[in-house]
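The residues making up each chain are set out below.
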Amino acid sequence: MNMNLDSDATRVLPLNRRSFLTLLGVGAATPAVLAGCSSEAPGGAGDPSGGDVTSALPDYIPIDYVEPDFPSVNGSTAGYATIPTDLVQVFDAPPGSGSEFTAMTPLWGAIPPTEGNQYFDAVNAAIGSTIQFQISDGNAYGDKLAAVLASERDVPDWVSIPTWNIPPRFDQAVEALFEDLTPFLAGSAVEKYPNLANIPTDVWKFCVFDGQLKALPFPGEIITDAIFYRDDVLEAEGYTGQPANGQELLDLAKELTGGDRWAANDLWNSSVIIHGVVPKWRINDDGTLTHRVETDEYRAALEWNAALFAQGSVHPDAVADNSGDAKTRFESGQVLISNDGVGGWHEALGRQLASNPTYSQRPFTPFAADGGTPVLWKGNPANIFSFLKKNSDPAKIEELLAVADFLASPFGTTEFELINFGLEDLHFSVDANGLPVATELAATEVQPTYIFLTDPPVVNAKVQYPGFVEAFCTWMADAAQYVNDPAFFGMQITEPTQYASLAQPFEDLEKDISRGRKSMADLDAAIETWKTSGGEELRAFYTDILDAQ
Amino acid sequence: MSTALGPDGAATATHPPVDAAAAGSARPDPRRRPRRSKHRPVWEERPTALGTGAKVIVLALIVLAVVYPLYTVIITSLSTTAAVTQAGGLVTVPTEVTTAAYRQILAGGIVTRATLVSIGITAVGTLLSTTVSILCAYGLSRPTSFGHRPILFVLLITMFFGAGMIPTYLLVSNLGLIDTYWSLILPGAVSAFNVLLLRNFFMGIDPGITDAARIDGAGEWRVLGQIVLPMSKAVTAVVALFYGVGYWNAFFNAMLYINDNAKWPLQLVLRSYVLQGVTLPGSGVGQVDVATGAVTGLPVKMAVMVLAIIPVLVVYPFVQRHFTKGVIFGAIKG
Amino acid sequence: MTTRTVPTDVTDHAEPVDRSGPGGAGPAPTGPPRPRRRSVWTRIKRDRSLLLMTVPVIVLLGVFAYVPMLGNVIAWQDYSPYVGILDSPFVGWWNFERVFTNPLFWDAVRNTLVITAFQLVFFFPIPIALALLLNSVITPAIRTTIQSVVYLPHFFSWVLVVTIFQQLLGGAGQLHRILEGAGFSGFDIMTNPDTFLLLITAQSVWKDAGWGIIIFLAALSTVDPALYEASVMDGANRWRRMWHITLPALRPVIILLLILRLGDALTVGFEQLILQRGAVGAGVAEVLDTFVYYQGVINGDWSFAAAAGLVKGIVSLILVLGANKIAHVFGEAGVYKRA
């Protein structure tokens, strides 16, 4: 998970405490939320077995409507250098049968009108069912979910749930509220829904709760974060090489700092990447588990980041932990190195290219802090799920799945174009290069809604930014060779609630040690506290899961 | 307050008992008296140069401390994304002025509708909250009335013991208030603090005046309506302002209780503009790119901030009117 | 306010307020307190209008505050929203134990109390002083203009306030650049834990002091100008008038706000602190609310959060009642008067 939401979320701090709670839940605690409480074990604390995943999985039947120009390598994101001129129409007739459904989705953007919205009308007509959206504030979505899921009558037919908003004891909610999709999709049953069958198995694995297929996915990328640098500025100043190890990056940062310019934002996340710190647990050769905070890599990452701060290379605002303006600092050239989610790349181009055509940023080629082989950890196979409320009428579930199949239509289809861009001439026009250009109406009406219910596998077709698709896909194809599956990858594990707060002291320490307020001795003390206040029990909990595999 | 500043006791005793307004007009307005300086009352001594100088400096610093940041906020809201990038944050020196951020927010009918919703909720809510608070505060303002202390305790408890979000949601849902405007008014309709504040002011009113009214046979409702309220305009205005601001700025209840986006109040809609441009975790290159060269980031956020202040700017003078010195006599016991 | 005797006593309510005991509400205008003579029913009947007036608030609070407040029973449960309050297992005092045995809890309480104490001295009086200062400005145009400017920062979000302070006072801020030009360097008040208390108080003053004066302005508007005139005739100067007329007029509301602030001793700027926690470290920025947030709320540990909330509520209530008692000792009415 990248830090974008974190930083922006902090900036848009609401006027109210509640929502603030949530956005910090998303942000500051990102690793903990993901590692700590998003994982849900089927059956709760007492039954960490995970169930038999394989029998619930749909078959994988890939389809390629359009051959990508930059094919996927080792699971990297495929890319298209041009928008295909002839789109494929997958559905001859609307798949739905005219029912009306309610759907709740988060939104990080301007709320679109729900009545008289031609985009909604067009998509609803195309899918043949009416989806009535209950769009909710993305930053306060966790609160909304907590309340709605506790009140069964208020649960809509279709609920989108981002992984970072998954509440504790979610297994109980899934069990009580949501339909088991196994009978509809497992094995060859999925053939009825060819676009859903096009979603890779790893992604579906992540949708299995307690041995049952429960969710529809919004697939993610295998690499989520990167260390970006301003190649336009660096090249102009004569820096062309890439750092080969942690020390070289420190040296570079030192050289780049001076006057009113600092080399970097807080690079903690970058330090985690170059040190290959495991997301949560490392399985040792003898089958024992080592927690992330106990590893040498974690320790080294802290020392490295502390060295970066100590040598004065970090912008004072970043020292003050102002992550909200991190992107602004980077894009304005006040800092030249920053970590970001890979999605932040094209967004920065979108913001900057119009006023500064020479703007450019690039991710560093993966390297290890010690100069050896880099170790990257695979990102979540899905970042957002959607669940169908239990319905006594299987026909309704089948209708919703048919709609999901429509929504999963991949890049290169007319369905994809409709869902993502709206109606031609009304919401977008096609320019000389075949690129869809959004109209003003699109800014009002076309907001991400349907895509949060089900989405096809990710591709990169941001052809409007010259050279971007190639740069992105080549970089990721190269980086993908270093990607490893972390322990318990793709498994939904529920930790008992009382362990969830164990990670918090380390998040504080990461900031304290980086800024020189605390020392590595404090880390040792924190690890001891962690062990005695539940860490060992947590280890035993995960060891049981491991043994059950 | 029992100091021997004699005149008020005598003064109030001579007031016509019921009609406080009449009592007010019976005295010459001090502001109309001839005076040495245009605004200074006759009895007030000429300020010293040192005192005036110190006052001017302090006030100037205070105003500067507020106005300068306000200025940067407004300038930023009128800037382009490029200008913000160049400044690396809030803009202090305007380069090119554009109202793009405001136009973007106000485009489309949704803000208009949300504004109407907010005005309705604020008007109805403020009226309801202020009314019930005044009634309760007055009902509790007689130091010897039956049961006022237990009731005060009931109020106090609500200040320190909250209810969780989930129980409150379940309550609102069970009352059938989900997706109704009442869900935005009723759950927070009473602030114990405001009731206590009103009561505090009501108790400061000279009992001689109200007692005199009772001699004339006025009931409690009449005493409240004809004596206490007219003498408490300032605090009533303040409490109404507190409630009004609360209703106007509230968005969390709406986020929880209103599913129908057409019923969203303004603050929730404005927030959605603030959230614009947030990158989803791991969404990577994603398929959606709605950006249309629109202004994003700081200018929009600052424009939202400015828009949030405007209604208060409009309303505040009406509240302030009641702060004029010496409108009411004898309101405070000596 | 408590000692003046009203000469007339015609209605039940007009008796002097310094008489103690509810039984003092007799028709006789003078005399020592008497034993309770009226039956409850007579008193209810006598005060029926007043009681009726409190009904709407009692109903609203009863339904929307007290009913959901019952949900706090989850403090004694291992509560899951998906199982419900009725079926969640009871676990005795386990959640309270978790609160009290957490060493971070006591750190948070200490930080909270330090901040409260500091702000009681350096924040609480400022709106009062500001109100008095404004009140002494004679020209109405200037007074109203200043008045309508100083409250505006209240409507800024905390993110914006912190951003503004960062841009002005931060290590890359405008003040820093000026000082650097003058040869000073190396200070950064935004990241210094030792001066954090000053920083957050300055931020609070900047944001909320202007808004805080409104209540005092309302109180000042109730002062009879004749009092000033009379005291001038008695030879009182500017300061004596403030001491003997203006401040006494503000006293009841100051006492009320002070008592309620004491009750809120365990509540200090949550958003403000959570935003700057990374800058100075949890060591000085962890307060009770952020502790509950990080240890309970973000993890959906509702039972833990409820237990912490109850502890906080009880402490607050004790503080308020205590402060109220102290107010009585000094002859003040406080939140409610001793009968």
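Computed from a predicted model, the values in this text were never measured in an experiment.

About the criteria used
- Residues numbered from 1 in each chain as written.
- Chains lettered and ligands numbered in written order.
- Predicted model: local features only at pLDDT ≥ 70, side-chain atom pairs only at ≥ 80, totals over all residues.
- Helix = DSSP H or I, 4+ residues; strand = E, 2+ residues; numbered from the N terminus.
- Buried ≥ 20, exposed ≤ 12 C-beta atoms within 10 Å, placed from the backbone.
- Contact = placed C-beta atoms within 7 Å.
- Nonpolar A, V, L, I, M, F, W, Y, C, P; charged D, E, K, R; others polar.
- pLDDT = per-residue confidence, 0-100.
- Pairing = 2+ DSSP bridges.
- Expected span 1.5 Å × (residues − 1).
- Bend = angle between axes of the 7 residues up to and from the residue.
- UniProt positions renumbered as here; feature names shortened; annotations may be inferred.
- Domains from an automatic or database assignment.

**Details of the overall build of chain C**
Argument step 1. In terms of regular secondary structure, chain C is built from 15 helices and zero strands.
Argument step 2. Put simply, chain C has 339 residues, and 49% of those count as buried.
Argument step 3. In chain C, of all internal contacts separated by at least 6 residues, the share reaching a separation of at least 24 is 61%.

**Structural notes on the interface of chain B and chain C**
Argument step 1. Taken together, the contact between chain B and chain C spans 96 residues of the former and 94 residues of the latter.
Argument step 2. It is helix 3 (residues 49–77) of chain B that provides the largest number of residues to the side of chain B that touches chain C, a total of ten residues.
Argument step 3. Classifying every residue of the side of chain B that touches chain C gives 62 nonpolar, 23 polar and eleven charged.

**Section: the environment of D78 of chain C**
Argument step 1. Along the polypeptide, D78 of chain C turns up in the loop between helix 2 (48–69) and helix 3 (94–101).
Argument step 2. The residues contacting D78 of chain C, other than those within four sequence positions of it, are S88, P89, V91 and S303 of chain C.

**Digging into the confidence of the model for chain C**
Residues and elements named next belong to chain C.
Argument step 1. Mean pLDDT over chain C works out to 83, with 87% of the residues at or above the 70 mark.
Argument step 2. Put simply, helix 8 (residues 174–181) is where chain C has its lowest mean pLDDT, 79, and helix 2 is where it has its highest, 94.
Argument step 3. Low confidence marks residues 1–32, where pLDDT is under 50. Its contacts with residues over four positions away, or in another chain, come to 62 contacts.
Argument step 4. For this predicted complex, the interface confidence comes out at an ipTM of 0.84, alongside a pTM of 0.85.

**Topic: the confidence of the model for chain A**
Argument step 1. When the pLDDT values of chain A are averaged, the result is 86; 91% of them are 70 or greater.
Argument step 2. When the criterion is pLDDT under 50, residues 1–50 of chain A qualifies, and its contacts beyond four places in sequence or with other chains add up to 172 contacts.

**As for the sheet that holds strand 12 (residues 362–363) of chain A**
Argument step 1. In space, the three strands of this open sheet follow the order 11-8-12 (chain A), with antiparallel pairing throughout. The sheet is open, and its two borders are formed by strand 11 (337–341) and strand 12 of chain A, each paired with just one other strand.

**Points about the pairing of strand 11 of chain A**
All names here are of chain A.
Argument step 1. Across the five residues of strand 11, five count as buried, placing the element largely inside the fold.
Argument step 2. A two-sided burial pattern is seen for strand 11, the buried positions comprising I337, N339 and G341 on one face and S338 and D340 on the other.
Argument step 3. Pairing geometry for strand 8 (residues 225–229) and strand 11, over five bridges, is antiparallel. Bridging across to strand 11, D225 finds its partner in G341.

**Regarding helix 9 (residues 196–220) of chain C**
Residue and element names in this part refer to chain C.
Argument step 1. Under the 1.5 Å per step criterion, the end-to-end length of helix 9 is 34 Å for 25 residues, consistent within 8% with the ideal 36 Å.
Argument step 2. A maximum bend of about 50° is found in helix 9 at D208.
Argument step 3. Taken across its 25 residues, helix 9 has 18 buried, putting it largely inside the fold.

**Examining the environment of T210 of chain B**
Residue and element names in this part refer to chain B.
Argument step 1. Residue position: T210 is located in helix 10 (residues 207–215).
Argument step 2. In this structure T210 comes out as buried when scored by C-beta crowding, with 26 C-beta atoms within 10 Å.
Argument step 3. Along the chain, T210 and L224 lie 14 residues apart, while their C-alpha atoms are 8.8 Å from each other.

**Observations concerning the UniProt feature "transmembrane region" (unreviewed entry) in chain C**
All names here are of chain C.
Argument step 1. Taking the UniProt record as the reference, the feature "transmembrane region" (unreviewed entry) is found at residues 50–69, 113–137, 149–169, 209–228, 249–270 and 302–321.
Argument step 2. Overall, residues 50–69 shows 100% helix and 0% strand. The separation of its end C-alpha atoms is 27 Å.
Argument step 3. Annotated as 84% helix and 0% strand, the span residues 113–137 places its first and last C-alpha atoms 36 Å apart.

**Section: the domain arrangement of chain A**
A common measure of how large an interface is: the accessible area buried when the components associate.
All names here are of chain A.
Argument step 1. Domain boundaries in chain A define domain 1 (40–222 + 380–484) and domain 2 (225–377 + 506–548).
Argument step 2. Here the C-alpha centre of domain 2 lies 30 Å away from the C-alpha centre of domain 1.
Argument step 3. Opposite the 15 residues of domain 1 that make contact, domain 2 presents 18 residues.
Argument step 4. Broken down by secondary-structure element, the contributors of at least two residues to the side of domain 1 that touches domain 2 are helix 20 (468–479) and strand 18 (483–484).
Argument step 5. The biggest single contributor to the side of domain 1 that touches domain 2 is helix 20, with six residues.

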